[in-house]
Amino acid sequence: MDIKDFCTGIQHIGIPTNNMKETITFYEQLGFHVALLTNNQEETVAFLQMHNLMIETYENNAAAMQAGAIDHIALDVKDIDSLFELMKAKNFHLLDNQVNKLPFWENGVRFFTVLGPNKEKIEFCERL
């Protein structure tokens, strides 16, 4: 299988924030709604959705606050364990040593991240 055979589309775009309330208000004015508001350790995390576009914003008080500040693009995938092994075999620059898990959504998500040629982070994420 090719890598594209595991991908089903864009899952979300990750944007760090220093002010969650201001960020939610801004995106709601654009037509997004809060699909999920949760915590990941010390960070408040919001998934903001408009149609099939999802933004994951997380309040970490370390947002760059300049152009180019998007942290990552996440691709929705299936069979993440097989994809992880394939990308290891193809010598991608993996930023994770394993497939990670977070308790987001109903059953959690599993994900790993690679570094692109422009230092961009691409996350491969399977919603369980």
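Up top is the structure.
Treat the numbers as computed from the prediction; the structure is a model and nothing was measured.

## What about the pairing of strand β5 (residues 72-77)?
The two faces of the sheet receive side chains in turn, since in a regular strand these alternate between them.
Point 1. With 6 bridges joining them, strand β1 (residues 7-17) and β5 adopt antiparallel strand pairing. Across the sheet, residue Cys7 finds its bridge partner in β5, namely Val77.
Point 2. Pairing between β5 and strand β8 (residues 121-127): 5 bridges, direction parallel. From the neighbouring strand, Ile73 faces β8, where its bridge partner is Ile122.

## Overview of the pairing of strand β3 (residues 43-50)
Point 1. When strand β2 (residues 33-40) meets β3, the two strands line up antiparallel, connected through 7 bridges. Note on β3: the bridge partner recorded for His33 is Gln49.
Point 2. Where β2 hands over to β3, the hairpin turn is made up of 2 residues, of which Gln41 adopts a positive phi near 55 degrees.

## A look at the sheet that holds β2
Point 1. If you trace the 8 strands from one edge of the open sheet to the other, you get β2-β3-β4-β1-β5-β8-β7-β6, paired in mixed fashion. Strands at the two margins of the open sheet, each flanked by one partner only, are β2 and β6 (100-102). Each strand axis lies, on average, 30 degrees off the axis of its neighbour in the sheet, ignoring direction.
Point 2. Sheet analysis places β3 next to strand β4 (residues 53-59), joined by 7 bridges and oriented antiparallel.

## A short note on the side chain of His12
Point 1. Among the structural elements, His12 can be located in strand β1.
Point 2. By relative accessible area, His12 is classed as buried at 2%.
Point 3. One polar contact links His12 to Glu56, side chain to side chain, over a distance of 3.0 Å.
Point 4. If near-sequence neighbours (up to four positions away) are discounted, His12 is found in contact with Phe47, Met54, Glu56, His72, Ile73, Ala74 and Glu123.

## Comments concerning helix α1 (residues 20-30)
For the α-helix, the turn length of 3.6 residues means that residues three or four positions removed from each other point alike.
Point 1. The set of residues buried in α1 consists of Met20, Thr23, Ile24 and Tyr27. When α1 is viewed along its axis, its buried side chains cluster within an angular range of 95 degrees and face the same direction. More than 90 degrees from the buried face of α1, the exposed residues found are Lys21, Glu22 and Gln29.
Point 2. In this structure, the buried side of α1 is in contact with β1, β2, β3 and β4.
Point 3. For α1, the side-chain oxygen to backbone nitrogen distance between the N-cap and Lys21 is 3.3 Å, and the N-cap itself is Asn19.
Point 4. A positive backbone phi angle near 115 degrees is found at Gly31, which sits one or two residues after α1.

## With respect to the packing of aromatic side chains
Point 1. Following the criterion strictly, the structure yields 6 aromatic pairs and no others.
Point 2. With 5.3 Å between their ring centres and 20 degrees between their planes, Phe112 and Phe124 make a pair best called stacked. With Phe112 in strand β7 (residues 109-115) and Phe124 in strand β8, this pair connects stretches of sequence that are 12 residues apart. A single burial state applies to Phe112 and to Phe124, both of which are buried.
Point 3. Linked through ring pairs, Phe26, Tyr27 and Phe32 together constitute an aromatic cluster.
Point 4. Cation over ring: Arg127 sits above Trp105, and NZ or CZ is 3.9 Å from the ring centre.

Reading guide: rules and limits
Residues numbered from 1 in each chain as written. Predicted model: local features only at pLDDT ≥ 70, side-chain atom pairs only at ≥ 80, totals over all residues. Heavy atoms only, no water. Pairing = 2+ DSSP bridges. Helix = DSSP H or I, 4+ residues; strand = E, 2+ residues; numbered from the N terminus. Axes fitted to C-alpha atoms, helices over the stretch in contact; angles between N-to-C directions. Buried < 20%, exposed > 50% of the residue type's maximum accessible area, 1.4 Å probe, protein only. Polar contact = N/O pair within 3.5 Å; in protein donor to acceptor, adjacent residues only side chain to side chain. Contact = heavy atoms within 4.5 Å. Arc of directions from axis to C-beta. Phe/Tyr/Trp six-rings, centres within 6.5 Å; stacked < 30°, edge-to-face > 60°. Lys NZ or Arg CZ within 6 Å of the ring centre and 35° of its normal.

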